[in-house]
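Structure assessment
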Amino acid sequence: MRVQINRREFMAAAGAGLGLLQPARTRAAVPTAPVAIARCRSYGPEYVAATEKMFDQLGGLGRLVKGKTVTIKINLSGNEDVRQDYLPAGRSIWTNPHTVGGVIHLLDKAGARRIRVVEGAWAWPASLEEFMYKAGWDPKLLTGAAPRVELVNTNMPYKGQKPYTRFPVPNGGHLFPAYDLSTAYAESDVLVSMAKMKEHLTAGVTLSIKNCFGASPTTIYGDKVPVDEPAPVPYGGRNTIGHMGSRQPPKSSLPEKDPKSPRQAGYRIPRFIADLAAANPIHLALVEAVETITGAELPRPNGTKFVSPGIIMAGTNCVTTDAAALAVMGFDPMADRGAPPYETCDSTVRLAEELGVGTRDLKQIEVIGVPIKEAVFNFRENGFPRTTLRGGRRGA
Amino acid sequence: MAQLQHAIPIRWAGGPLEIAVRGRTESLNPQARQALERFHDPASLGVLEGSPIDCLVVSWAGGLPEDAAQQKSMAPLLEAAGKRNLAVVGWVAGAADPNAAIAAAKSAGLAGLAIQGFKGQSDFPVILCCERAAVAWDSTAPALAVMDNVWPGVSRQSFGADAGPTSTPWLDSNGWYVQLARARSETPLWLIFDPPGNGNVTPAQSYSTAICDSAAPGARWVISLDANLRSGLAEGNSTARETLKQIGAAAGFYRNHEEWRTFHSLGVVGVISDFTGENFEMSGEILNLMARRNLQFRVIWKSQAMSMPFTGLKALVYADTAAPAAGLRRRLMSFVEQGGLLVAGPKWGPEGKPANPDFPTQFEVRAFGKGRLAVARQELSDAYQVATDTQLLTSHANDLVKVYNGASSGCSLFTGSPDGKRALLQILSYANAGRLSSGLRTVWVRQKYRSCRLWSIGAEGPTPLEASPSEEYFGFEYRIPQATPASFALEFEV
């Protein structure tokens, strides 16, 4: 069912196939693709119109999704009852439900055959729809936006004969050689990552690549999973295996490539998510900063601040899109460990670039719409001092 | 009698009998012994000046040689209490002869006695003290007192390997039992329990939690001070006085809102049981864990189940081992046929067609009429799983209340006045911090109300709150001011 139309068809042509076949650190060229940037101050019709225009600027949504099964990975990071101050999560830390509904509408309009909204919300043992109800989202905003919309909790074993499918990482991967993900991903032709633009205490930033950390099922990569087989339901977050590396996933999945590598989250998480971006390619990266928070990925009293950058972005390559987003946030996408926003971690976009996913070099990235220099919203200048930000529960 | 029904009781530990009893069960250091002696002195009542606490529960008889000395030496304290309009109730325990204790109490002018295990008749006010499972619900006593309670708070086990299955802390609470009792009897319920011992200092906030956990659902805690606080009060310590002041403020707050005790649960899930024997263990624990999951429930005693309206209920849980009587069974199946969910044990019966849910559950779910049956595959043994599965099967789409940025160690209680004109949402925090550090709180409610007033526990007056429509959902939201304590109440005008 998994149609191999992904990278060759939608990423820029130059060197893509060649890059994937070469050893990671010796590759001369990696793919590039344009990134569209638009101003947007609200989540309703303005968002839909601006997003549709960005899709047109990128060559049209129809050629990407017509007749296809499209999977939208949204971001419902952390617990369902957490807010930045009094603000609903969709205005500060999560993908906004109205934007998801808008994108579903545009996908349907562009001819998508089937649309699935997926997320592996933290330790949630039931349906995604039920998580949304608990969180105070109306799932009908999504399921009612088009016909044939399904919601899938990818933390749970996928219904059917094959709950999980193995996704090998091209070039062998940084952390794991392959990842076992919900078969919902394997049944998908097109993967859309809808991310909120945020800083992240472990990974520096959370954009379209980091958003897909939640694709790793907590029944396999979560806390308290059994030794031999996936857990029947999630028991916890992704701390012990993903962040700390204090144990391996169940034996039914492949272990890490190098168990002696650093057991440090700032080393592990960027590699984990760069691997996922290579193994389970993102065909459409949507980064939203109509409103968001600075300082971290989840609210922290006196550590995170609500802001309204009024910017949205789209691209068909997750690395080029995230690189442009880093620049919009006031960071240098070529920066690496030790420099903002990677003071305590490695650069995800560099690691994904090494896997041949895309270039982070702005000189190689065409920006359409609002120029980066006009779109810049400096997250550090609009946040609290960094010294207040350590600790607390991590999210995506 | 009426005085006892509205009293705020405090265990006033002092005198030779108290010293004898405590000397047998705990190590009494000189300071603690001195405090017990001083609390027997009428001058000790000075610490209650200005406090709403108006009932002393004193040791009266224990079947020990010190009984006589205790009763004889009590006269000055009783006289001083009378001058302060404090009712005095004698505590009778152990091998004491209840009839002799009653005669002595009458003679001494006590307002009543609280007698453990008393089964006789008396024209003297006797509060029946017993364990939870042995309460004489139909008694005409001025109050019922239960003794096998827990000190409310975050369970000490939570800090070890015994945290809840989702890593949330276990809570110790008596609230579920109070709801169970209130559904059965309107007689005032006193809860007897002491602060954790071992010489620990119990924080003032922890005392407030004990009062809230008891009073929010409609009972009274017989306030019991730890040895350190007694000593501090006896020595005139200002911190100790401040702690007692806070205890009095919390207790007085609930007496000022005595009408809240008459409110009934607005929960969407009803739990039906006879709450006796082994059914008490399972059904009681289901209530306890539903409360922990903030699943608003209604207690339905089986004896009332034929007459109680099921209006507003989305689900019923029938967890008793024995099948219900034919009439009740028909009524429950009718509830399902009309669209409700019935959660039942494995012997329920074969009705319905398979309609498995999208999550693993210990229940076989079947469609029947417009509703569903969830019949356990095996005998019910895990109350946590029953509560969890019931909540998911009922669906959070039917939630009445949500709290954002609330305490992870919190519970909520949603009730309505008998005339339907008011609703009350009580938010209780079981952490020892009086205020939250997790950020500004928002309360979501499903229904639109005409007005809302915020009551901080212990506050004399309310703060009006405005509702705003939820931005990402239906329903309405209230922004709780930052300075609000961790526990508070929202009173709505319907």
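This text goes with the structure placed above it.
Residues numbered from 1 in each chain as written. Chains lettered and ligands numbered in written order. Predicted model: local features only at pLDDT ≥ 70, side-chain atom pairs only at ≥ 80, totals over all residues. Heavy atoms only, no water.

1. Looking at the overall build of chain A
Heads up, the condition is: Where helices and strands are cited, they refer to DSSP runs of H or I of at least four residues and of E of at least two residues respectively, numbered from the N terminus. The cut-offs for exposure are 20% and 50% of the maximum accessible area for each residue type, with area from a 1.4 Å probe on protein chains only; residues under the lower value are buried, those over the upper are exposed, and the others partly exposed. Contact between two residues is taken to exist if any of their heavy atoms lie within 4.5 Å; hydrogens are not considered. Surface exposure here means Shrake-Rupley accessible area, sampled with a 1.4 Å probe, where a residue is shielded only by the protein chains that are shown.
Scanning chain A from terminus to terminus reveals 15 helices and 14 strands. Out of the 396 residues in chain A, the part that is buried amounts to 66%. When contacts within chain A are restricted to residue pairs at least 6 apart in sequence, long-range pairs at least 24 apart make up 74% of them. Split by element, the accessible area of chain A, about 13,000 Å² in all, is 56% carbon and sulfur.

2. Topic: the packing of helix α3 (residues 30–38) of chain B against helix α9 (residues 227–234) of chain B
Residues and elements named next belong to chain B. The criterion, for reference: Each axis is a line fitted through C-alpha atoms, taken for helices only over the stretch in contact, and angles between the N-to-C directions span 0 to 180 degrees. When describing relative orientation, an angle under 35 degrees is termed roughly parallel and one over 145 degrees roughly antiparallel, while 65 to 115 degrees is termed roughly perpendicular and anything else oblique. Left-handed describes a crossing whose near helix is turned anticlockwise from the far helix by less than a right angle; the clockwise case is right-handed. In the scheme used here, Gly and all other residues not listed as nonpolar or charged are polar, with Ala, Val, Leu, Ile, Met, Phe, Trp, Tyr, Cys and Pro taken as nonpolar and Asp, Glu, Lys and Arg as charged.
Closest axis-to-axis distance for the α3/α9 pair is 9 Å, and the angle between their directions is 60 degrees. One element, α3, and the other, α9, form an angle in the oblique class. Classified by chirality, the crossing of α9 by α3 is left-handed. Residues Q31, A32, A35, L36 and R38 of α3 form the contact with α9, whose participating residues are R230, S231 and A234. Residue classes in the contact of α3 with α9 are distributed as four nonpolar, two polar and two charged.

3. Regarding the sheet that holds strand β22 (residues 441–445) of chain B
Residue and element names in this part refer to chain B. Under the convention used in this document: The pairing criterion is simple: DSSP has to find at least two bridges between the two strands.
Here four strands make up an open sheet; going across it, the order is β19-β22-β26-β25 and the pairing antiparallel. Because the sheet does not close on itself, it has two edges, and the strands there are β19 (401–404) and β25 (467–469). The mean inter-strand angle of the sheet, taken between neighbouring strand axes irrespective of direction, is 30 degrees. In this structure, β19 lies alongside β22, joined through four bridges in antiparallel fashion. Bridge pairing in β22 places K402 opposite W444.

4. Observations concerning the environment of P195(B)
Here P195(B) shows up in the loop between β9 (189–191) and α8 (204–215). Sequence spacing of P195(B) and V150(B) is 45 residues, and the spatial spacing of their C-alpha atoms is 9.1 Å.

5. Quick look at the sheet that holds strand β12 (residues 269–273) of chain B
All names here are of chain B. Ordered in space as β13-β12-β14-β15-β18-β17-β16, the seven strands form an open sheet in which the pairing is mixed. Where the open sheet ends on each side, the last strands, each with one partner, are β13 (297–301) and β16 (353–354). The pairing of β12 with strand β14 (residues 315–318) spans four bridges and is classified as parallel. Bridge pairing links V271 to V317 in β14. Here helix α11 (residues 277–292) sits on the sheet and contacts β12, β13 and β14; the angle it forms with β12, its principal contact strand, is near 165 degrees.

6. Describing the interface of chain B and chain A
Under the convention used in this document: Throughout, the accessible surface (probe 1.4 Å) given up by two parts as they are put together, summed over both, is called the buried area. Salt bridge, as used here, is a side-chain nitrogen of Lys or Arg placed within 4 Å of a carboxyl oxygen of Asp or Glu.
Contact residues are listed per partner, giving 30 residues for chain B and 33 residues for chain A. For the pairing of chain B and chain A, the buried interface totals around 2,500 Å² over both sides, and the portion due to carbon and sulfur atoms is 52%. A per-residue breakdown of the area chain B buries against chain A is headed by Y404(B), E471(B) and E472(B), which together make up 27% of the total. Connecting chain B to chain A are two salt bridges. Only α13 (383–394), β19, β22 and β26 (476–480) of chain B provide two or more residues apiece to the side of chain B that touches chain A. Across the side of chain B that touches chain A, the residue classes break down as 12 nonpolar, 11 polar and seven charged.

7. A word on the pattern of salt bridges
Residues and elements named next belong to chain A. Here the structure, examined in full by the defined rule, presents 43 salt bridges over all chains. Where E343 meets R380, a salt bridge forms, and the shortest distance between an N and an O atom there is 2.6 Å. Of the two residues, E343 sits in the loop between α13 (318–328) and α14 (348–354) while R380 sits in the segment after α15 (372–375), which places them 37 residues apart along the sequence. The partly exposed category is assigned to E343, whose relative accessible area is 30%. Within this structure, R114, R116, E150 and E187 form a network of salt bridges that share partners.

8. Quick look at the environment of G120(A)
Residues and elements named next belong to chain A. When you line up the elements, G120 lands in the loop between β3 (114–119) and α6 (128–135). Overall, G120 belongs to the buried group, its relative accessible area being 4%. Expressed as a C-alpha distance, the spacing of G120 and Y43, which sit 77 residues apart in the sequence, is 24 Å. Not counting the four nearest positions on each side in its chain, G120 is found in contact with N153, T154, N155, G214 and R238.

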